[in-house]
Amino acid sequence: MDMTSGRRGDAGRRQFAPWADPAAQPLVRFERVAKRFSGHVALDDLSLDIFEGEFFALLGPSGCGKTTLLRLLAGFETADSGRVLLDGQDISPVPPYRRPVNMMFQSYALFPHLTVAGNIAFGLKQDGLSKSEISVRVAEMLALVRLEALAARKPHQLSGGQRQRVALARSLAKHPRVLLLDEPLAALDQKLRQDTRFELKELQARLGLTFVIVTHDQEEAMTVADRIGVMDQGRLVQVAPPAEIYEQPLNRWVAGFIGDVNLFEGKVALQDVDGVAVDSAAGRLRAFSTDKVTMGDTVWIAVRPERIRLVPARPGDAAPTGNAIAGRVADIGYLGGVSVYQVALPDGTKVKATLASTTRLTERPIGLDDEVWLNWPADAGRVLVR
Amino acid sequence: MHKRASLFCLASLGFGLAFLYLPMVILVIYSFNASRLVTVWGGWSTRWYAELLRDEAMLDAAWTSLRVALLSAGAATVLGTLAALALTRIGRFRGRLPFSAMVYAPLVMPEVITGLSLLLLFVAADIDRGFWTLSVAHTTLTMCFVTIIVQASLIGFDGSLEEAAMDLGCPPLRTFLTVTLPLIAPALASGFMLAFALSLDDLVIASFTSGPGATTLPIQIYSQVRLGVKPEINAICTIMIAVVAAAVIAASLIAKWRDLRSAGTGLPAA
Ligand SMILES: Nc1ncnc2c1ncn2[C@@H]1O[C@H](COP(=O)(O)OP(=O)(O)O)[C@@H](O)[C@H]1O
Ligand SMILES: [Mg+2]
């Protein structure tokens, strides 16, 4: 197999959305799977389709069942009920060593008694490949993760980042139908983690393989994945591409779990073609809604901090569907590229607004304790009914 | 202050070592005694070693002991490892607690009782006592030591290594042979050595379970000493010390060599 030619270029990637095609056959299908460990529910009636060539991220807090779902697909756990299908076939009776699925373990699980090359060759030997085929494939994998120089080392002589790459090469060596990655970057330090994210994504696009990654780091999921499945307590709360999850979270929990969000609680006061008006403690706010709402419903308006503009004076009435509320700057966090402003409203609630540091240079800077106006267009707010 | 503490330490070390090794040193020196009287020094000589070579009974006993020790240590290593695997791997199975208690019981059981019960068993089953009954008895005696050593290393074993092997297409038995076994091999080796030494040394159980055709070295030495200590005994004991010391040194050299090899720049495993 030619490892350098991608199956799908950048242009192809932009249109890649098999989940939107009702005729598309999923590569992996979890069908109402449930799993409990001595009474404790790890997976709760979960269904999910993953498509060929997809980079899918399972995102959720620790203990929500992400690893259990991966282990179900790898064959290390059996579901109490429900089915796991690969290429339309129920793989429940297939033992782990006969599944065309490979896993990169959270602990890497490198064989300490084998060299780097020996670790990568391990799976190939099980397939009964000839010595020459194995050495060609091992060399290919070593080149892929840039570890050619360290082929003869033992795992304990490697750095954390190098070990991570050996584990990746070992799990890729057999060209699995699905590669499962359990928190592959969790053990790396911040800088390395960020670089490796992009490498991982680039590698997946180049090989055209199906990757399922487990992570509790939302930034990581957003960076690498075609789609994210947000999990909580053994269930999938929302499954969608990163931008959709971020911009159209299904409920307050997802909105808060993925990035920062300001939530304004209130009652629906008006509904027209321009959207919804909600009476909240901060006054009447306008937002868009994709959910059906009725008058008097309690709803929440979610506004991302970077969509809020801070202005020193009340903005003009140019945009009648916009929102403007007054507050006082309570705290400023300078993060380099952006600054985070905490603005206290008269009723005491705090609103977060992030501003790119450069935009402030030309304007009169806003300082601590300044009276300011928070301003955002109606389409920056999203109405959540749950 | 510090100096006094270290003087104390040195003194205790010296005393401890002397306590442990003085009897052996005396035995070794007297094995080279030219005099026929054990307690009188008659100058250096190796005549008792030459004498030993002509002592058919002693040589037979040594050969029996060696064969029994190798066979029973091998069997105890296999059985003890299986028991350790059962105790660590099969989660919490019904009857696990009694099982582990039963595995450990021979550790604290007085040897006289073990020996006597084995004797009763062999008599009841009408089995002629000899080489085979002795080997079985020593396997029974030493197996639990192997279990304890192997179990300790299995508890510290990272289970995800076996899962990784299976994930890569390796069936369970081959996973055990190619991943688990190489990694717990040091524990198996020390278990084997301990079992070997215990078997070589045993007198009580051997005297219950061996027959006329299978006299072990400790039995032979003991029966000769009852007639008076001959310098020849010192010689055979010195040889035993040398064999055991050589085994211990070999074991530690093997361990060191493994470390060196894994730290060095060995070639990729073919
Ligand atoms: N082998 C097991 N035995 C008992 N409980 C388990 C086992 N594996 C997982 N669990 C429990 O199931 C839940 C989900 O675990 P896991 O899938 O590992 O979560 P995550 O990977 O999302 O952190 C956790 O509450 C965990 O304690
Ligand atoms: Mg996990």
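Residues numbered from 1 in each chain as written. Chains lettered and ligands numbered in written order. Predicted model: local features only at pLDDT ≥ 70, side-chain atom pairs only at ≥ 80, totals over all residues. Heavy atoms only, no water.

**Concerning the overall build of chain A**
Line of reasoning, step 1. Along its length, chain A carries 9 helices and 20 strands.
Line of reasoning, step 2. With respect to the three principal axes, the spread of C-alpha positions in chain A is 75 × 45 × 45 Å.
Line of reasoning, step 3. When each of the 386 residues of chain A is scored for burial, the buried share is 49%.
Line of reasoning, step 4. Within chain A, counting contacts between residues at least 6 apart in sequence, those at least 24 apart form 67% of the total.
Line of reasoning, step 5. For chain A, the exposed area adds up to about 17600 Å²; of that, 51% sits on carbon and sulfur atoms.
Line of reasoning, step 6. Measuring between centres, the 47 positive side-chain charges of chain A sit 5 Å from its 46 negative side-chain charges. (Helix = DSSP H or I, 4+ residues; strand = E, 2+ residues; numbered from the N terminus. Buried < 20%, exposed > 50% of the residue type's maximum accessible area, 1.4 Å probe, protein only. Contact = heavy atoms within 4.5 Å. Areas by Shrake-Rupley, 256 points an atom, 1.4 Å probe, with all protein chains shown as cover. Lys, Arg positive; Asp, Glu negative; His and termini not counted. Charge placed at Lys NZ, Arg CZ, Asp CG, Glu CD.)

**Considerations on the sheet that holds strand 18 (residues 350–356) of chain A**
Residues and elements named next belong to chain A.
Line of reasoning, step 1. Strand order in the open sheet formed by 5 strands is 15-19-16-17-18, and the pairing between neighbours is antiparallel. One side of each edge strand has no neighbouring strand; the edge strands of this open sheet are strand 15 (309–311) and strand 18. The sheet shows a mean angle of 45 degrees between the axes of neighbouring strands, taken without regard to direction.
Line of reasoning, step 2. Examined bridge by bridge, strand 16 (residues 323–334) and strand 17 (residues 338–344) share 6 bridges and lie antiparallel to one another. Each residue of the ladder has a partner; that of Arg328, found in strand 17, is Ala344. (Pairing = 2+ DSSP bridges. Axes fitted to C-alpha atoms, helices over the stretch in contact; angles between N-to-C directions.)

**Description of the confidence of the model for chain A**
Line of reasoning, step 1. Of the residues in chain A, 93% reach a pLDDT of 70 or more, and the chain-wide mean stands at 85.
Line of reasoning, step 2. Within the model, pLDDT remains below 50 along residues 1–12 of chain A, and this stretch shows 24 contacts once partners closer than five positions in the same chain are excluded. (pLDDT = per-residue confidence, 0-100.)

**Some details on the packing of helix 6 (residues 131–155) of chain B against helix 8 (residues 172–201) of chain B**
All names here are of chain B.
Line of reasoning, step 1. Contact geometry of helix 6 with helix 8 gives a least axis separation of 9 Å together with a crossing angle of 150 degrees. Between helix 6 and helix 8, the angle is such that the two are roughly antiparallel. Between helix 6 and helix 8 lies a crossing whose hand is right-handed. Along its contact with helix 6, which presents His138, Thr142, Phe145, Val146, Ile149, Val150, Ser153 and Leu154, the element helix 8 presents Thr180, Ile184, Ala187, Leu188, Ser190, Gly191, Leu194, Ala195, Leu198 and Ser199.
Line of reasoning, step 2. Split by residue class, the contact of helix 6 with helix 8 holds 11 nonpolar, 7 polar and no charged. (Parallel < 35°, antiparallel > 145°, perpendicular 65-115°, else oblique. Left-handed = near helix turned anticlockwise from the far one by under 90°. Nonpolar A, V, L, I, M, F, W, Y, C, P; charged D, E, K, R; others polar.)

**Re the interface of chain A and chain B**
Line of reasoning, step 1. Listed as interface residues are 29 residues of chain A and, on the opposing side, 26 residues of chain B.
Line of reasoning, step 2. Taken together, both faces of the contact between chain A and chain B bury some 2300 Å²; the carbon and sulfur share is 60%.
Line of reasoning, step 3. The largest contributions to the chain A side of the interface with chain B come from A:Tyr97, A:His113 and A:Gln126, which together make up 25% of the buried area.
Line of reasoning, step 4. Linking chain A to chain B there are 1 salt bridge.
Line of reasoning, step 5. Here A:Arg71 ties to B:Glu163 by a salt bridge, and the two come within 2.8 Å at their closest N and O atoms. (Buried area = accessible area lost by both parts, 1.4 Å probe. Salt bridge = Lys/Arg side-chain N within 4 Å of Asp/Glu carboxyl O.)

**Some remarks on the site of ligand 1**
Residues and elements named next belong to chain A.
Line of reasoning, step 1. Taken together, the residues surrounding ligand 1 are Phe37, His40, Ala42, Pro61, Ser62, Gly63, Cys64, Gly65, Lys66, Thr67 and Thr68.
Line of reasoning, step 2. Interatomic distance of 3.1 Å between a backbone N/O atom of Gly65 and an oxygen atom of ligand 1.
Line of reasoning, step 3. If ligand 1 stood free it would expose 560 Å²; the protein chains cover 61% of that surface.
Line of reasoning, step 4. Of the residues assigned to the shell around ligand 1, the class counts are 4 nonpolar, 6 polar and 1 charged. (Near = heavy atom within 4 Å. Polar contact = N/O pair within 3.5 Å; in protein donor to acceptor, adjacent residues only side chain to side chain.)

**Details of the pattern of salt bridges**
All names here are of chain A.
Line of reasoning, step 1. Within this structure, the stated rule accounts for 20 salt bridges over all chains.
Line of reasoning, step 2. As a salt-bridge pair, Glu31 and Arg83 come within 3.1 Å of each other at their nearest N and O atoms. Note that Glu31 is positioned in strand 1 (residues 28–37) and Arg83 in strand 4 (residues 81–86), a separation of 52 residues in sequence.
Line of reasoning, step 3. Here Arg32 ties to Asp45 by a salt bridge, and the two come within 2.9 Å at their closest N and O atoms. Of the two residues, Arg32 sits in strand 1 while Asp45 sits in strand 2 (residues 40–50), which places them 13 residues apart along the sequence.
Line of reasoning, step 4. Given a relative accessible area of 39%, Asp45 falls into the partly exposed group.
Line of reasoning, step 5. Through salt bridges that share partners, Glu52, Asp87 and Arg177 make up one connected network.

**A look at unusual backbone geometry**
Trans is the common state for peptide bonds, and a negative phi is the common state for residues other than glycine.
Residues and elements named next belong to chain A.
Line of reasoning, step 1. Even without being glycine, Arg32 reaches a positive phi, approximately 50 degrees.
Line of reasoning, step 2. Positive phi values are uncommon outside glycine, yet Tyr108 reaches one of about 70 degrees.
Line of reasoning, step 3. Tracing the chain through its elements places Tyr108 in the loop between strand 6 (101–104) and helix 3 (116–126).

**A look at the nonpolar core**
Line of reasoning, step 1. If you look at the biggest cluster of nonpolar residues, it comprises 53 residues, and the most contacted ones within it are A:Phe30, A:Leu69, A:Phe111, A:Val178 and A:Leu180.
Line of reasoning, step 2. Ranked by residue count, the leading element in this core is helix 8 of chain B, at 6 residues.
Line of reasoning, step 3. Among residues more than four places away in sequence, those in contact with A:Phe111 are A:Asn119, A:Phe122, A:Pro155, A:Arg170, B:Leu161, B:Ala164, B:Ala165, B:Leu168 and B:Val179.
Line of reasoning, step 4. Counting 46 residues, the second-largest nonpolar core is a separate cluster that includes A:Ile120, A:Ala169, A:Phe211 and A:Val230. (Core = buried A, V, L, I, M, F, W, Y, C linked by side-chain atoms within 4.5 Å.)

**Focus on the packing of helix 3 of chain A against helix 4 (residues 131–144) of chain A**
Residues and elements named next belong to chain A.
Line of reasoning, step 1. In contact at an axis separation of 9 Å, helix 3 and helix 4 are set at 125 degrees when each is read in the N-to-C sense. As far as their axial angle goes, helix 4 and helix 3 are oblique. Seen along the crossing, helix 3 lies across helix 4 with a hand that is right-handed. On helix 4, the residues that touch Val116, Ala117, Ile120, Ala121, Leu124 and Lys125 of helix 3 are Ile134, Arg137, Val138, Met141 and Leu142.
Line of reasoning, step 2. Partitioning the contact of helix 3 with helix 4 into residue classes produces 9 nonpolar, no polar and 2 charged.

**Digging into the packing of aromatic side chains**
Residues and elements named next belong to chain A.
Line of reasoning, step 1. Enumeration over the complete set of coordinates arrives at 13 aromatic pairs over all chains.
Line of reasoning, step 2. Taking the centre distance of 6.1 Å and the plane angle of 45 degrees together, the rings of Phe76 and Phe105 count as tilted. In this pair, Phe76 is assigned in the loop between helix 2 (66–74) and strand 4 and Phe105 in the loop between strand 6 and helix 3, connecting sequence segments 29 residues apart. An identical accessibility class is assigned to Phe76 and Phe105; each is buried. (Phe/Tyr/Trp six-rings, centres within 6.5 Å; stacked < 30°, edge-to-face > 60°.)

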